[in-house]
Amino acid sequence: MSKVERFEDLIAWQKARILTKDIYQVTQQGAFARDFGLSGQIQRAAVSIMSNIAEGFERSYLGEFHQFLSISKSSCAELRSQLYIALDVGYLDQAKFNQLLNQAEEVGKIIGGLRISVSKQKHQQNSASTTKEKC
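Worth saying up front: this structure is predicted, and the values here are computed from it rather than measured.

Analysis parameters
- Residues numbered from 1 in each chain as written.
- Predicted model: local features only at pLDDT ≥ 70, side-chain atom pairs only at ≥ 80, totals over all residues.
- Heavy atoms only, no water.
- Salt bridge = Lys/Arg side-chain N within 4 Å of Asp/Glu carboxyl O.
- Buried < 20%, exposed > 50% of the residue type's maximum accessible area, 1.4 Å probe, protein only.
- Helix = DSSP H or I, 4+ residues; strand = E, 2+ residues; numbered from the N terminus.
- Contact = heavy atoms within 4.5 Å.
- Core = buried A, V, L, I, M, F, W, Y, C linked by side-chain atoms within 4.5 Å.
- Axes fitted to C-alpha atoms, helices over the stretch in contact; angles between N-to-C directions.
- Parallel < 35°, antiparallel > 145°, perpendicular 65-115°, else oblique.
- Left-handed = near helix turned anticlockwise from the far one by under 90°.
- Nonpolar A, V, L, I, M, F, W, Y, C, P; charged D, E, K, R; others polar.
- Expected span 1.5 Å × (residues − 1).

## Observations regarding the pattern of salt bridges
No. 1: All told, the structure shown has 6 salt bridges when counted by the stated rule.
No. 2: One salt bridge in this structure joins glutamate 8 and arginine 6, with 3.5 Å as the shortest N-O distance.
No. 3: A salt bridge links aspartate 9 to arginine 6; its shortest N-O distance comes to 3.6 Å.
No. 4: Assessed through its relative accessible area of 38%, aspartate 9 is described here as partly exposed.

## Examining the side chain of glutamine 43
No. 1: Locating glutamine 43 in the fold gives a position in helix α3 (residues 36–57).
No. 2: With a relative accessible area of 14%, glutamine 43 lands in the buried category.
No. 3: Setting aside chain neighbours within four positions, we find glutamine 43 in contact with Ile23, Tyr24, Thr27 and Gln28.

## Some details on the nonpolar core
No. 1: Membership of the largest hydrophobic core comes to 35 residues, with the highest contact counts inside it found for Ile49, Ile53, Leu79 and Leu83.
No. 2: Those elements that provide at least two residues to this core are α1 (11–27), α3, α4 (62–88) and α5 (94–134).
No. 3: It is α3 that provides the largest number of residues to this core, a total of 9 residues.

## Quick word on the packing of α1 against α3
No. 1: Where α1 contacts α3, the two axes come as close as 9 Å, and the packing angle between them is 165 degrees. By the angle between their directions, the pair α1 and α3 is classed as roughly antiparallel. Here α1 and α3 pass one another in a crossing that is left-handed. Of the residues in α3, those in contact with Ala12, Trp13, Ala16, Arg17, Leu19, Thr20, Ile23, Tyr24 and Thr27 of α1 are Ser39, Ile42, Gln43, Ala46, Val47, Ile49, Met50, Ile53 and Ala54.
No. 2: Along the lines of polarity and charge, the residues of the contact of α1 with α3 split into 13 nonpolar, 4 polar and 1 charged.

## Details of α1
No. 1: Taking 1.5 Å as the rise per residue, α1 with 17 residues should run 24 Å; its terminal C-alpha atoms sit 24 Å apart, in good agreement.
No. 2: Looking only at α1, the buried set comprises Ala12, Trp13, Ala16, Leu19, Thr20, Asp22, Ile23, Val26 and Thr27.

## Section: the packing of α3 against α4
No. 1: α4 packs onto α3 with a crossing angle of 160 degrees between their chain directions and a minimal axis gap of 8 Å. Here α3 lies roughly antiparallel to α4, going by the angle between them. As for how α3 packs across α4, the hand of that crossing is left-handed.
No. 2: Taken together, the residues of the contact of α3 with α4 break down into 16 nonpolar, 7 polar and 2 charged.

Okay, structure coming up:
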């Protein structure tokens, strides 16, 4: 497996980008567009997902990347919660809600898998440095 060199190559970021685009499209239509509070908040949550993946990737330490992935996953949960609000107040029909919720759940699962991978790498790195110190 080759090393990822750019955050743009991460599937989690790519899927979060698509989700963000879809959120912007739906929040710029009809009554949703006139609810500046909810539309702005859900847009910020979507932007936070992809931005934290990118920012964490560019950090120097795996621990920092892991922390930013945790924030990103939390923003994904925030977005899902806001989708329920949009459904409940009639801004989204059931089909659009299901599509966006499924996308958000998929992004969250991918971020969760990436977090596990980063955590394993971090522990391997820590084990290697501890072994070197003992020598």
